[in-house]
Amino acid sequence: MDVGKKAENAVDMRVNIAGIVWKNPVTTASGTFGSGKEFAEFVDLNKLGAVTTKGVANIPWAGNPTPRIAETYGGMMNAVGLQNPGIDLFCERDIPFLRQYDTKIIVNVCGKSEKDYCEVAERLSHEDVDMLEINISCPNVKEGGIAFGQNSKAAEHITKAVKRYAKQPVIMKLSPNVTSISEMAKAVEAGGADAVSLINTITGMKIDIHRRQFVIANKTGGVSGPAIHPIAVRMVYEAAHAVKLPIIGMGGIANAQDAVEMILAGADAVSVGTANFRNPAVTMEIAAGIESYMKKYGFACVSDMVGIVD
Ligand SMILES: Cc1cc2nc3c(=O)[nH]c(=O)nc-3n(C[C@H](O)[C@H](O)[C@H](O)COP(=O)(O)O)c2cc1C
């Protein structure tokens, strides 16, 4: 991928994701970084390739009843249920905040119906944001969300619909809760997606044996964090072999080694989620760590590493 030449021996951290050039391959996983404001005290947002925001719908959603978060071995489980302020407040408050920084803005979009998704995409087509990430993979909402992400025909259909309204490149976010991730990646590619991101959380359950109750009010929740990393690496590898689209890999990335592993498996860029809760500065550290790795092993640009373990 030619993103321009730099001085000899310098490491070029830039990546080109569907025509949008990020300064490095690191972004934040949706829902774990708000719209950046909560983290700006700990993270220089200028140092991130992109900020991916929490999912936003056409109208405000209250999310699921509490408790909706629990710790698990090597990670956590959540059933937040896509609580969000709705697109109007998001555009008014969050886009101007993020625009102060020299980073790309990726808006994660959620919906209960095709119409919901399209309404948000249409609205965002007039806004100064760089990419849309369409969440068809949330396991924690009853309608919409994952219903589109577990059926290849529905995934292709909604991709086509959103593409009709979106002005910015569209990243389709895939669910790991499927039999074949390759089939889902191919379906969104056929629908005209510009990129894919994966994985969303893996549906789990936790029971409090002393109270003999579900720990999460929703009964099930999405598992994230280091425990799911090997599954995510395998799925990124499979998706990379199934489609030609750029891939944003995520799932349990907690340090630069995990991020490099994902890139070697086939990811063009990486998202960091649950690890932000443990160390709010982790995204910057991961970007610096990838650069050190490239210097150590003589990689001139990120794309030279993508998918080379085959
Ligand atoms: C608390 C929480 C909220 C999340 N909210 C969203 C969301 O709004 N939209 C979305 O597409 N993914 C959401 N996710 C999924 C993450 O973006 C990511 O795909 C997943 O957690 C795997 O990455 P990780 O192991 O690095 O956290 C959420 C995850 C967590 C833990």
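Anything mentioned here points back to the structure above.
The following paragraphs examine the structure supplied in this document. Keep in mind that this is a model prediction, so the values were computed, not measured.

**Thoughts on the sheet that holds strand β10 (residues 195-198)**
Across the sheet, which stays open at both edges, the 8 strands sit in the order β3-β16-β15-β10-β9-β8-β7-β4 with parallel pairing between neighbours. Each of the sheet's edge strands pairs with one partner strand only, and the pair in question is β3 (26-28) and β4 (50-52). For this sheet the average axis-to-axis angle between neighbouring strands, irrespective of direction, equals 25 degrees. Bridge analysis of β10 against strand β15 (residues 247-249) gives 3 bridges, and the strand direction is parallel. Following the sheet pairing, Val 196 is matched in β15 by Ile 247.

**Focus on the layout of surface pockets**
Each pocket or cavity is described by its volume, and for the largest pocket that value is around 810 Å³. Lining the largest pocket are 41 residues, with Thr 32, Ser 224, Gly 273, Thr 274 and Phe 277 positioned closest to its centre. Only β5 (69-72), β6 (75-78), β16 (269-272) and α8 (275-278) provide two or more residues apiece to the lining of the largest pocket. Split into classes, the residues belonging to the lining of the largest pocket amount to 16 nonpolar, 21 polar and 4 charged.

**A word on the site of the ligand**
Among the 22 residues in the neighbourhood of the ligand, the closest are listed as Ser 30, Lys 173, Gly 225, Gly 252 and Thr 274. Between the ligand and Gly 225 there is a distance of 2.8 Å, counted from an oxygen atom to a backbone nitrogen or oxygen. In this structure, Thr 274 approaches the ligand through a side-chain N or O atom, which is 2.6 Å from an oxygen atom. Out of a free accessible area of 620 Å², the ligand has 97% covered by protein chains. Comparing atom positions with the cavity grids shows the ligand to sit within the largest pocket. A per-class count over the shell around the ligand returns 5 nonpolar, 15 polar and 2 charged.

**Let's talk about the sheet that holds strand β14 (residues 220-224)**
Read from one edge to the other, the open sheet built from 4 strands follows the order β5-β6-β14-β11, with strand pairing classed as antiparallel. Taken across any chain shown, the strands that pair with only one partner, and hence form the sheet edges, are β5 and β11 (202-205). Each neighbouring strand pair of the sheet contributes to a mean axis angle of 40 degrees, computed without reference to strand direction. Two elements, β11 and β14, share 4 bridges in a ladder whose sense is antiparallel. Looking across to β14, one finds that Ile 202 is bridged to Val 223.

**Notes on unusual backbone geometry**
Omega for the peptide link from Thr 66 to Pro 67 comes to -5 degrees, which places this bond in the cis form. Here Pro 67 lies in the loop between β4 and β5. Cis geometry is found at the peptide bond from Leu 198 to Ile 199, where omega equals 10 degrees. Mapped onto the elements of the fold, Ile 199 is located in the loop between β10 and β11.

**Quick word on the pattern of salt bridges**
Taken as a whole and assessed by the stated rule, the structure comprises 13 salt bridges. Here Asp 102 makes a salt bridge to Lys 23, at a shortest N to O gap of 3.2 Å. A residue pair is termed long-range when its members are at least 10 positions apart, and Asp 102 in the loop between α1 (87-99) and β7 (104-109) and Lys 23 in the loop between β2 (20-22) and β3 qualify at 79 residues. Linking Lys 160 and Glu 156 is a salt bridge whose minimum nitrogen-to-oxygen distance equals 3.3 Å. Of this pair, Lys 160 and Glu 156 both sit in helix α4 (residues 152-165), 4 residues apart, which is roughly one turn of that helix. Among the residues examined, Lys 160 registers a relative accessible area of 40% and is labelled partly exposed.

So, how was this worked out
- Residues numbered from 1 in each chain as written.
- Predicted model: local features only at pLDDT ≥ 70, side-chain atom pairs only at ≥ 80, totals over all residues.
- Heavy atoms only, no water.
- Pairing = 2+ DSSP bridges.
- Helix = DSSP H or I, 4+ residues; strand = E, 2+ residues; numbered from the N terminus.
- Axes fitted to C-alpha atoms, helices over the stretch in contact; angles between N-to-C directions.
- 1 Å grid on protein atoms, 1.4 Å probe; cavity = no way out; pocket = protein on both sides within 12 Å on 5 of 7 lines; lining within 4 Å.
- Points joined across faces, edges and corners; volume = space filled by probe spheres on them.
- Nonpolar A, V, L, I, M, F, W, Y, C, P; charged D, E, K, R; others polar.
- Near = heavy atom within 4 Å.
- Polar contact = N/O pair within 3.5 Å; in protein donor to acceptor, adjacent residues only side chain to side chain.
- Areas by Shrake-Rupley, 256 points an atom, 1.4 Å probe, with all protein chains shown as cover.
- Sits in = over half its atoms within 2 Å of the grid points.
- Salt bridge = Lys/Arg side-chain N within 4 Å of Asp/Glu carboxyl O.
- Buried < 20%, exposed > 50% of the residue type's maximum accessible area, 1.4 Å probe, protein only.

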